[in-house]
Amino acid sequence: MHQSQSDQPTQSQFDQLVEQICAVTVTDPDTPLVDLGVDSLHTIALVMAVEERYGIEIDPEVIGDPSLTSSAGLWRSVQDQLSAALPAGAGGN
């Protein structure tokens, strides 16, 4: 499988990571992870995997924010950090 669009990760790829780490199926990215059966240990493993894969650090407060406790919410947080890490003028929309 090859990546396109400047190797930009997608929500779908992020959902696959969530499914792999947390042993759940993400049918709707806006469903809270806890409703999918993700427990605190899976959450910690997911945060560590996301930090390692994307080279960012997730603020523990992010996990406590109800609007970010879904795959889509967490992915938005990751994207925000990735965009903030880009040099000015590189990529963006």
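Cut-offs and rules
In every chain, residue numbers begin from 1 and rise along the written sequence. Local features in this predicted model are restricted to residues whose pLDDT is 70 or higher, and side-chain atom pairs enter the listing and the counts only when it is 80 or higher, whereas totals over whole chains, interfaces and linings include all residues. Side-chain metrics rest on all non-hydrogen atoms present in the structure, leaving aside hydrogens and water. In this text, helices come from DSSP runs of H or I with a minimum length of four residues, and strands from runs of E with a minimum of two, each type numbered from the N-terminal end. Both site types are read off a 1 Å grid over the protein atoms alone. A 1.4 Å probe that fits but cannot get out defines a cavity, while an open set with protein on both sides within 12 Å along at least five of seven lines defines a pocket; lining residues have an atom within 4 Å of a point. Grid points are joined across faces, edges and corners, and a volume is the space filled by probe spheres set on the points. All amino acids are sorted into three groups, where Ala, Val, Leu, Ile, Met, Phe, Trp, Tyr, Cys and Pro are nonpolar, Asp, Glu, Lys and Arg are charged, and the leftover types, Gly among them, are polar.

Engineer: Would you mind showing me how to read unusual backbone geometry here?
Structural biologist: If a residue is not glycine, its phi is most likely negative; likewise, a peptide bond is most likely trans. The phi torsion at alanine 23 lies on the positive side, around 55°, for a residue other than glycine. Within the secondary structure, alanine 23 is located in the loop between α1 (11–22) and α2 (40–54).

Engineer: In this structure, what is going on with the layout of surface pockets? I would like to understand it.
Structural biologist: Empty space among the atoms can be located by rolling a probe the size of a water molecule over them. The calculated volume of the second largest pocket comes to roughly 150 Å³. Leu33, Val34, Val38, Thr43, Leu46, Val47, Val62, Ile63, Leu68, Thr69 and Leu74 are the residues that line the second largest pocket. Those elements that place two or more of their residues in the lining of the second largest pocket are α2 and α3 (60–64). Take the lining of the second largest pocket: its biggest share by element is 3 residues, from α2. Taken together, the residues that form the lining of the second largest pocket break down as 9 nonpolar, 2 polar and no charged.

Function-wise, these values are silent; they only describe arrangement.
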